[in-house]
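If you want the building blocks of each chain, they are given just below.
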Amino acid sequence: MGLLSLGTPMPWDEAKKYADHVRTHGIIQFLNLWEATKDSQKDCLLWGDEIEYMVVSYDEENKRAKLSLRVWQILQDLAKEEEEAKTDPAKKLLVNSSWHPEYGRYMLEGTPGEPYMGLPRDLLAVERNMKLRRELARKYMLPNEVPVTLTSYPRLGCAGEGLEPHHEPHGPAARSLFVPDDIINAHARFPTLTANIRRRRGSKVAINMPIFHDVNTPKPFIDPTIPTYNDYPEDKNAIEEGAALPDHIYMDAMAFGMGCCCLQITFQAVNVEEARKIYDQMAPLGPIMLALTAAAPIYRGYLSDVDCRWNVIAQSVDDRTEEERGLKPLKENKYRIAKSRYDSIDSYISNDPKNKPEYNDIPLVYDKDIYKKLSDNGIDDLLARHISHLFIRDPLVIFHELLNIDDNESTDHFENLQSTNWQTMRFKPPPSKTSPIGWRVEFRSMEIQLTDFENAAFAIFIVLVTRAVLSFNTNFYIPISKVDENMKVAHHRNAVLEEKFYFRKQIFTQSRPGTPAAGTPSGSPKVSPATLPRVASLSAGTADEYELMTINEIINGNPAKGFPGLLGLVNNYLNTLNIDIETRCEISKYLELIKKRANGTLMTAASWMRHFVQNHPDYKQDSVVSEKINYDLVKMIEKINKGEVQVPELLGNFAV
Ligand code: ADP
Ligand code: MG
Ligand code: MG
Ligand code: MG
Ligand code: MG
Ligand code: MG
């Protein structure tokens, strides 16, 4: 939203002079928006998914699967279809999707043409629409191109012929040893974002993911494929200079992170209070769903010891200076900042009485002046903290043409900071004062799945969880520091089966274990916002409220403990609705997938890909994912999508 405004972007030296200008006006814009929309009421749920695709170009002769840098052309064709569909009702049904550029020049993002409604029958449109999108995207591809929904491209950044057309790694924006700038979306915003992150940070980004040590992987592993030259001042020798860690897969550019694909779900709430409640309730599920959807085990041609992308992206856009990272005393900068601007959320924001101050137990860095300005204008403590926390960051891309805008009409400066705080949850205000769109919440941690069936299953599951949350007035609160611990653990190889996660034991507000007050209307009791600063107390006072659970328990429940699990909640919720048998059966197919992923009957995409690589005849048990293995993997994924092969270990007996 508001991301692709055209204009001339400022390099960092110039942009930094306007950081306060953008923040000041961003807050005025937020306050104007707040005044106009704070009482906005919507009568129904609207929601939608975002699916990101990579476009692969096959070189059949040499058995290579490359990334196609031709996406700009495909997007233009899709935009034309979208435009025509607006006026042609026959076309509307055929197109019924909306397309957006993404960071990578090989990436596409597609959303449904219109958001879905909350009716159970509507859920059955989800997979159909995802299939339609895949077909539509394919229509504008060359015969040797295919859209794939892979979270991280296994051989992104490997030397050799990995891009179509070919480019050698080189470029002033990223200065990467591994990827050319030509891999970045050509729109001025993206190379500028890349360069300004590097410039603000004072060095290239350094991403290190632990390597998976197979029997023939050297120990210590010192990556022989890291070039020992660079045309640019930094990283003359990434290993000697310490940027590349031993026993790790080193990556040095934003593209390794922002070039990953994910599955995001946005829900419109009936009002701002409900949006804040959904935000808080869904936040503890972020790491759980990350582990359950894990789909990113390979980076730069190596099997890694992590199963998911999140930390790669966090490190890929970490624009904090050495002072902010705590490596030097504060001099130029105002704050020590614990996390990258792409990270898990730092505070709960609902005024729900269930939200005890103790849950916000990590020290929140926020801009005191902005907090005051927000408070003075009637914003309550928790929301003022949230916004003034987002606003500790600098705007990274400022367009000359958009510096002075009407704060009554535009929200560009607000969106500038809002949309570059990439967190597990996003609280989205209406896009403008007059927009028909209401307050929304976005769930952002999930990895993209290999097939539309799986993506539909996770989208449907998540939207049903939000319905159950509201209907049963659940309480998922645990101290936010524990959510962060879960986030770390979620990355571990096969965390879904082998790790335990903190989760709340008693998730119903007022009833006995296992018997939700079905259908209890949520209501949002008004509490007066705390006026005193909230002192983060030790989470000891809440320690008996949560315990370590397996994902199987969290999802499928534990009858011995009277814990219903998220699927139990969802099924209870569905029982309260009047659904015809056919619809219920269809929905059950999706929920079965979730159940079986959680209990280990089915593999995650990450486990399945590892298994594929490790059983490939060319694999030498040395962690290396060769061009041929990559080609076969992508071909296999394509066949699965076309229903040409059955993979019961991944999908059970659900036909694609
Ligand atoms: P962003 O990239 O900023 O997260 P997108 O526009 O790409 O946002 O995706 C927004 C998603 O939100 C879409 O799937 C859309 O269907 C969904 N959505 C939810 N509620 C609404 C609403 N009220 N109006 C429009 N879209 C909505
Ligand atoms: Mg986006
Ligand atoms: Mg989007
Ligand atoms: Mg996107
Ligand atoms: Mg999004
Ligand atoms: Mg944060």
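Looking at an unreviewed UniProt entry, the protein chain carries the name Glutamate--cysteine ligase, with the source organism given as Entomortierella chlamydospora. Here the protein chain is described in UniProt, under the heading Pathway (unreviewed entry), as follows: "Sulfur metabolism; glutathione biosynthesis; glutathione from L-cysteine and L-glutamate: step 1/2."

*Asks:* How should the overall build of the protein chain be read in this particular structure?
*Replies:* A tally of regular secondary structure across the protein chain gives 22 helices and 18 strands. Relative to its length of 656 residues, the protein chain is compact, with a C-alpha radius of gyration of 24 Å against a globular reference of 26 Å. Each principal axis of the C-alpha distribution contributes one length, and for the protein chain these read about 65 × 60 × 55 Å. Relative to its full complement of 656 residues, the protein chain shows a buried share of 61%. Taking all contacts inside the protein chain whose residues are at least 6 apart in sequence as the whole, residues at least 24 apart take part in 78%. Both charge centroids of the protein chain, one from 77 positive and one from 90 negative side chains, sit 2 Å from each other.

*Asks:* Where do I start with the packing of helix α14 (residues 452-472) against helix α19 (residues 581-599) in this structure?
*Replies:* Each pair of packed helices can be summarised by the angle the axes make with each other and by the distance between the axes. Look at α14 against α19: their axes get within 9 Å of each other, and the N-to-C directions meet at 95°. The pairing of α14 with α19 is recorded here as roughly perpendicular in orientation. Residues Phe453, Glu454, Ala456, Ala457, Phe458, Ile460, Phe461 and Leu464 of α14 form the contact with α19, whose participating residues are Ile587, Lys589, Tyr590, Leu591, Leu593, Ile594 and Arg597. A per-class count over the contact of α14 with α19 returns 12 nonpolar, no polar and three charged.

*Asks:* Can you walk me through the coordination of the magnesium ion (ligand 4) in this structure?
*Replies:* Angles between donor atoms at a metal ideally measure 109.5 degrees for a four-coordinate tetrahedral arrangement and either 90 or 180 degrees for a six-coordinate octahedral one. Donor atoms from the polypeptide that coordinate the magnesium ion (ligand 4) comprise Glu52 (OE), Glu102 (OE) and Glu109 (OE), at 2.0 to 2.1 Å from the metal. Counting along the primary sequence, the residues that act as donors to the magnesium ion (ligand 4) give the motif E-x49-E-x6-E. Here the magnesium ion (ligand 4) and the magnesium ion (ligand 2) are spaced 3.9 Å apart. Linking Glu52 in strand β1 (residues 46-59) with Glu109 in strand β4 (residues 107-112), this pair joins segments that are 57 residues apart in sequence. Under the relative-accessibility criterion, Glu109 is labelled buried at 7%.

*Asks:* I would appreciate a short explanation of the packing of aromatic side chains in the present structure.
*Replies:* Applying the stated rule across the entire model yields 23 aromatic pairs. For the pair Trp34 and Trp439, a centre-to-centre distance of 5.7 Å together with 75° between the ring planes defines the contact as edge-to-face. One end of the pair, Trp34, is in helix α2 (residues 19-37); the other, Trp439, is in the loop between β15 (425-428) and β16 (440-443), with 405 residues separating them in the sequence. In this structure Trp34 comes out as buried when scored by relative accessible area, which is 8%. Since its relative accessible area comes to 1%, Trp439 is described here as buried. Both rings, one in Tyr58 and one in Tyr631, keep their centres 5.9 Å apart while their planes meet at 75°; by these two values the pair is edge-to-face. A residue pair is termed long-range when its members are at least 10 positions apart, and Tyr58 in strand β1 and Tyr631 in helix α21 (residues 627-642) qualify at 573 residues. In terms of burial, Tyr58 and Tyr631 fall into one category: buried. The ring of Tyr502 carries the charged tip of Lys482 above its face, separated from the ring centre by 4.6 Å. In this structure, Lys589 packs its charged tip against the face of Tyr590, placed 5.6 Å from the ring centre.

*Asks:* What is the right way to look at the site of ligand 1 in this model?
*Replies:* Near ligand 1 you find 16 residues, and of these Asp49, Glu50, Glu109, Gln268 and Lys428 are the closest. Measuring from an oxygen atom of ligand 1, one finds a backbone N or O atom of Gly48 at 3.5 Å. If ligand 1 stood free it would expose 570 Å²; the protein chains cover 86% of that surface. Every element with two or more residues in the shell around ligand 1 is listed here: β1, β4 and β10 (263-268). The leading source of residues in the shell around ligand 1 is β1, at five residues. For the shell around ligand 1, the class distribution of residues is six nonpolar, five polar and five charged.

Cut-offs used in this document
- Residues numbered from 1 in each chain as written.
- Chains lettered and ligands numbered in written order.
- Predicted model: local features only at pLDDT ≥ 70, side-chain atom pairs only at ≥ 80, totals over all residues.
- Heavy atoms only, no water.
- UniProt positions renumbered as here; feature names shortened; annotations may be inferred.
- Helix = DSSP H or I, 4+ residues; strand = E, 2+ residues; numbered from the N terminus.
- Rg over C-alpha atoms; globule rule 2.2 N^0.38 Å.
- Buried < 20%, exposed > 50% of the residue type's maximum accessible area, 1.4 Å probe, protein only.
- Contact = heavy atoms within 4.5 Å.
- Lys, Arg positive; Asp, Glu negative; His and termini not counted.
- Charge placed at Lys NZ, Arg CZ, Asp CG, Glu CD.
- Axes fitted to C-alpha atoms, helices over the stretch in contact; angles between N-to-C directions.
- Parallel < 35°, antiparallel > 145°, perpendicular 65-115°, else oblique.
- Nonpolar A, V, L, I, M, F, W, Y, C, P; charged D, E, K, R; others polar.
- Donors = N, O, S within 2.8 Å, 3.2 Å for Na, K, Ca; no water.
- Phe/Tyr/Trp six-rings, centres within 6.5 Å; stacked < 30°, edge-to-face > 60°.
- Lys NZ or Arg CZ within 6 Å of the ring centre and 35° of its normal.
- Near = heavy atom within 4 Å.
- Polar contact = N/O pair within 3.5 Å; in protein donor to acceptor, adjacent residues only side chain to side chain.
- Areas by Shrake-Rupley, 256 points an atom, 1.4 Å probe, with all protein chains shown as cover.

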